[in-house]
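Secondary and tertiary structure notes
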Amino acid sequence: RLEKKRVSSEDQETFRRLAVELRILEGTAEAIQARLNLVGAALTELNLARMTLEGVEKETPDASLFVPIGGGSYVKAKLESTDRVIVGMGAGVSIEKTITEAKATVQNRISEFEKTRVSLQQQLVQVVSRIQENRNKLDELAAKLSQAEKTTDVQET
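Residues numbered from 1 in each chain as written. Predicted model: local features only at pLDDT ≥ 70, side-chain atom pairs only at ≥ 80, totals over all residues. Heavy atoms only, no water.

Some words on the overall build of the protein chain
Looking only at helices and strands, the protein chain features 2 helices and 4 strands. In sequence order, the secondary structure elements of the protein chain are arranged as α-β-β-β-β-α. Across the 157 residues in the protein chain, those meeting the buried criterion constitute 22%. In the protein chain, of all internal contacts separated by at least 6 residues, the share reaching a separation of at least 24 is 57%. If you sum the accessible surface of the protein chain, you get close to 11,100 Å²; carbon and sulfur atoms cover 55% of it. (Helix = DSSP H or I, 4+ residues; strand = E, 2+ residues; numbered from the N terminus. Buried < 20%, exposed > 50% of the residue type's maximum accessible area, 1.4 Å probe, protein only. Contact = heavy atoms within 4.5 Å. Areas by Shrake-Rupley, 256 points an atom, 1.4 Å probe, with all protein chains shown as cover.)

Describing the confidence of the model for the protein chain
Atomic detail in the predicted coordinates should be set aside for any region of low pLDDT. Considering every residue of the protein chain, the mean pLDDT works out to 89; 89% of them sit at 70 or more. Confidence, read as mean pLDDT per element, is least for helix 2 (residues 99-156) in the protein chain (88) and greatest for strand 4 (residues 93-98) (95). (pLDDT = per-residue confidence, 0-100.)

Digging into the environment of asparagine 47
By secondary structure assignment, the location of asparagine 47 is in helix 1 (residues 2-58). Judged by its relative accessible area of 24%, asparagine 47 is partly exposed. Separated by 62 residues in sequence, asparagine 47 and arginine 109 have C-alpha atoms that sit 9.9 Å apart.

So, the environment of arginine 84
Mapped onto the elements, arginine 84 comes out in strand 3 (residues 84-90). Sequence separation of arginine 84 and valine 56 is 28 residues, and the distance between their C-alpha atoms is 9.8 Å. Filtering out sequence-adjacent residues up to four positions away, arginine 84 remains in contact with Glu96, Lys97, Thr98 and Ile99. A polar atom in the side chain of arginine 84 sits 2.8 Å from the side chain of glutamate 96. (Polar contact = N/O pair within 3.5 Å; in protein donor to acceptor, adjacent residues only side chain to side chain.)

Structural notes on a nonpolar patch on the surface
On the surface, a nonpolar cluster with roughly 230 Å² of combined accessible area is contributed by Val67, Ile69 and Val75. With respect to the element layout, valine 67 can be found in strand 1 (residues 64-70). (Patch = residues over 30% accessible without salt bridge, like charges linked within 9 Å, V, L, I, M, F, W, Y side chains within 5 Å. Salt bridge = Lys/Arg side-chain N within 4 Å of Asp/Glu carboxyl O.)

As for the side chain of glutamate 21
Checked against the element boundaries, glutamate 21 lands in helix 1. Among all residues touching glutamate 21, those that are not within four sequence positions of it are Arg130 and Asn134.

Here's the deal with the pattern of salt bridges
Within the structure shown, the criterion is met by 10 salt bridges. Note that lysine 144 and aspartate 11 form a salt bridge whose closest N and O atoms lie 3.2 Å from each other. With lysine 144 in helix 2 and aspartate 11 in helix 1, this pair connects stretches of sequence that are 133 residues apart. Of the charged contacts in the structure, one is a salt bridge between glutamate 21 and arginine 17, with a shortest N-O distance of 3.6 Å. You can see glutamate 21 and its partner arginine 17 sitting in helix 1, 4 residues apart, about one turn around the helix. Salt bridges sharing common partners tie together Arg17, Glu21 and Arg130.

With respect to the side chain of lysine 97
Mapped onto the fold, lysine 97 is located in strand 4. With no salt bridge to any partner, buried lysine 97 finds its closest opposite charge in glutamate 101, at an N-O distance of 6.0 Å. Of note is the side chain of lysine 97, whose polar atom sits 2.7 Å from the side chain of threonine 105. Residues in contact with lysine 97, not counting those within four places in the same chain, are Asp83, Arg84, Val85, Val87, Met89, Ala102 and Thr105. (Lys, Arg positive; Asp, Glu negative; His and termini not counted.)

Structure, rendered in structure tokens:
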């Protein structure tokens, strides 16, 4: 009878440890998913920029454009130049580049974000796998602890 209580105590400690680890892993999965969402939004924006640059490249100077200002609203504008654009470099810094240079810059960013996306997806798969393993172990331990309690209750009666 003493042996059963010691094993049960170890099982209870393992159960608690797995439960805590499971909560941490679930938080990690949520954080990775949030980062994936941000990367997805950045990729959408960069692909839109790439397509826009390709469209501008085909236009003629003085072409009429609708420039989005947010909220599904646009202003009408005239295209001044089709060979140079202003490209944001980060930290509030923008520089003038040729369309070809700008497209290369945007494509490089797309490639970097794609690598990040793949890496995050792999991390998420690993974390989700670990979560499933822990849930299975917790289910097994819960059943074992429940059975041990029933056995103890029967023996005490």
